[in-house]
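Results of the structural survey
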Amino acid sequence: MPQIQISKIDFSSDTYRDAYSRINGIVIVGEQEAHDNFMRLAELLHNHYQYLVRLAKIEASHKKSFQACGRNLNVTPDLDFALRFFSDLHQIFQTAADADRIATCLVVQSLIIECFAIAAYNSYIPVADEFARKITESVVKDEYSHLNFGEVWLRESFEQCREEIDAANRQVMPAIWQMLNQIAADLEAVGMTKATVVEDFITRYGEALSHIGFSLGDIMRIIACGMKFEMMKHQPISLG
Ligand code: PL3
Ligand code: FE2
Ligand code: FE2
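Structural notes, computed from the coordinates. (Residues numbered from 1 in each chain as written. Chains lettered and ligands numbered in written order. Predicted model: local features only at pLDDT ≥ 70, side-chain atom pairs only at ≥ 80, totals over all residues. Heavy atoms only, no water.)

1. Some remarks on the coordination of the iron ion (ligand 2)
All of the protein donors around the iron ion (ligand 2) are Glu31 (OE), Glu59 (OE), His62 (ND1) and Glu143 (OE); their distances to the metal are 2.0 to 2.2 Å. Here the donor residues of the iron ion (ligand 2) share one chain and are spaced in sequence as E-x27-E-x2-H-x80-E. In this structure, the iron ion (ligand 2) lies 3.2 Å from the iron ion (ligand 3), and both are coordinated by Glu59. Pair noted here: Glu31 is in helix α1 (residues 14–44) and Glu59 is in helix α2 (residues 49–72), with a separation of 28 residues, a long-range link. Classification of Glu31 as buried rests on a relative accessible area of 2%. (Donors = N, O, S within 2.8 Å, 3.2 Å for Na, K, Ca; no water. Helix = DSSP H or I, 4+ residues; strand = E, 2+ residues; numbered from the N terminus. Buried < 20%, exposed > 50% of the residue type's maximum accessible area, 1.4 Å probe, protein only.)

As structure tokens, then:
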């Protein structure tokens, strides 16, 4: 029997629009970062230059699409908040690119940011307004191929890169949990939940690591390494 979904979300309420100003800022700045990162990767990976420039252009078009989503709801994106939100990841990517650490750059952009985006967009789709839902459905399709680029490259250089991938992960995962915690309340306000995003993210990132060549044991360890920071935040301090 088809389920009738009655949306309780009021897209024009102040609460919704306030939270959306930060979420919309994040996706706009996130897509801009993705554009810049793929352009940088194009310079670092000459034999993939044209393909990576094409990916960068797609990211620029995603940015435009999400700007339209904000305008449609009469929301001004909070870009200052979003720039601070991405600053740790931005720094990690720039430092790695300056040192020619391509595997690290790919872990940051092509694996982690893309998995984060796919998880977030998929959980946004069921609660989005009509206009944003159509846009997000088409954006998320592109993101799968961006994830795939990193998987394929890292799989081909797995033996030389596994240490670097591991180190990059240890650097990035705590930042990702922190980012999610910062926007947990805003996610709830637009009808999403942090738990859904975390679950989808872990599933996709774990799958990506297995495609690259990591064993199940490695994958558990890699993901749990980031989780420790996440769990500590919610554990009551035991004085006993
Ligand atoms: C990669 O192509 C783009 C990277 C964007 C990063 C997105 C992070 C998402 C955080 C939470 C926002 C979810 C809601 C989506 C609404 C349009
Ligand atoms: Fe994108
Ligand atoms: Fe992407």
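2. Observations concerning the packing of α1 against helix α5 (residues 102–124)
The N-to-C vectors of α1 and α5 enclose an angle of 150 degrees; their axes lie 11 Å apart at closest approach. Classified by the angle their axes make, α1 and α5 are roughly antiparallel. For the pair α1 and α5, the sense of crossing is left-handed. In this structure, α1 uses Tyr16, Tyr20, Val27, Glu31, Glu33, Ala34, Asn37, Phe38, Leu41 and Leu44 to contact α5, whose residues at the interface are Ile102, Cys105, Leu106, Gln109, Ile113, Glu114, Tyr121 and Tyr124. Partitioned by chemical class, the residues of the contact of α1 with α5 number 13 nonpolar, 2 polar and 3 charged. (Axes fitted to C-alpha atoms, helices over the stretch in contact; angles between N-to-C directions. Parallel < 35°, antiparallel > 145°, perpendicular 65-115°, else oblique. Left-handed = near helix turned anticlockwise from the far one by under 90°. Contact = heavy atoms within 4.5 Å. Nonpolar A, V, L, I, M, F, W, Y, C, P; charged D, E, K, R; others polar.)

3. Observations concerning the environment of Gln50
As for its placement among the helices and strands, Gln50 is situated in helix α2. A C-alpha to C-alpha distance of 9.9 Å links Gln50 and Met39, two positions 11 residues apart in sequence.

4. Regarding empty space enclosed by the protein
Here the structure, examined in full by the defined rule, presents 1 cavity of 30 Å³ or more. In this structure, the largest cavity spans a volume of roughly 370 Å³. As for the largest cavity, its lining consists of 28 residues, of which Ile26, Val27, Ala117, Ala120 and Tyr121 are closest to the centre. Looking at the lining of the largest cavity, the elements that each hand over two or more residues are α1, α2, α5, α6 (130–156) and α7 (158–189). When the residues that make up the lining of the largest cavity are grouped by side-chain class, the tally is 20 nonpolar, 4 polar and 4 charged. (1 Å grid on protein atoms, 1.4 Å probe; cavity = no way out; pocket = protein on both sides within 12 Å on 5 of 7 lines; lining within 4 Å. Points joined across faces, edges and corners; volume = space filled by probe spheres on them.)

5. Quick notes on the coordination of the iron ion (ligand 3)
Within the protein, Glu59 (OE), Glu114 (OE), Glu114 (OE), Glu143 (OE) and His146 (ND1) serve as the donor atoms for the iron ion (ligand 3), at 2.0 to 2.4 Å. The coordination sphere of the iron ion (ligand 3) comprises 6 donor atoms, whose angles at the metal cover 56 to 158 degrees; the geometry is irregular. Read from N- to C-terminus, the donor residues coordinating the iron ion (ligand 3) fall into the pattern E-x54-E-x28-E-x2-H. (Tetrahedral: all angles 85-135°; square planar, octahedral: opposite > 155°, others 65-115°.)

6. Focus: the packing of α6 against helix α8 (residues 194–212)
Here α6 crosses α8 at 35 degrees, and the two axes come no closer than 8 Å. When you trace α6 past α8, the crossing you get is right-handed. Here α6 contributes Tyr144, Leu147, Glu151, Leu154 and Arg155 to the contact with α8, which in turn contributes Arg204, Ala208, His211 and Ile212. Taken together, the residues of the contact of α6 with α8 sort by class into 5 nonpolar, 1 polar and 3 charged.

7. Section: the site of ligand 1
The environment of ligand 1 is made up of 18 residues, and the closest members are Glu31, Glu59, Glu114, Tyr124 and Glu143. Contact distances for ligand 1 include 2.9 Å between an oxygen atom and a side-chain N or O atom of Glu143. Compared with its free state, where it exposes 540 Å², ligand 1 has 99% of that area covered by protein. With respect to the detected pockets, ligand 1 is housed in the largest cavity. Elements supplying a minimum of two residues to the shell around ligand 1: α1, α2 and α5. Grouping the constituent residues of the shell around ligand 1 by class yields 13 nonpolar, 1 polar and 4 charged. (Near = heavy atom within 4 Å. Polar contact = N/O pair within 3.5 Å; in protein donor to acceptor, adjacent residues only side chain to side chain. Areas by Shrake-Rupley, 256 points an atom, 1.4 Å probe, with all protein chains shown as cover. Sits in = over half its atoms within 2 Å of the grid points.)

8. A few points about the nonpolar core
In this structure, Tyr20, Leu111, Ile112, Leu154, Phe201 and Tyr205 are the most contacted members of the largest nonpolar core, which totals 82 residues. When residues in this core are grouped by element, the largest group, 16 residues, is from α5. The contacts of Phe201, once residues within four sequence positions are left out, are Ile112, Cys115, Phe116, Ala119, Met173, Ile176 and Trp177. (Core = buried A, V, L, I, M, F, W, Y, C linked by side-chain atoms within 4.5 Å.)

Everything listed here is a matter of geometry and, on its own, says nothing about what the molecule does.
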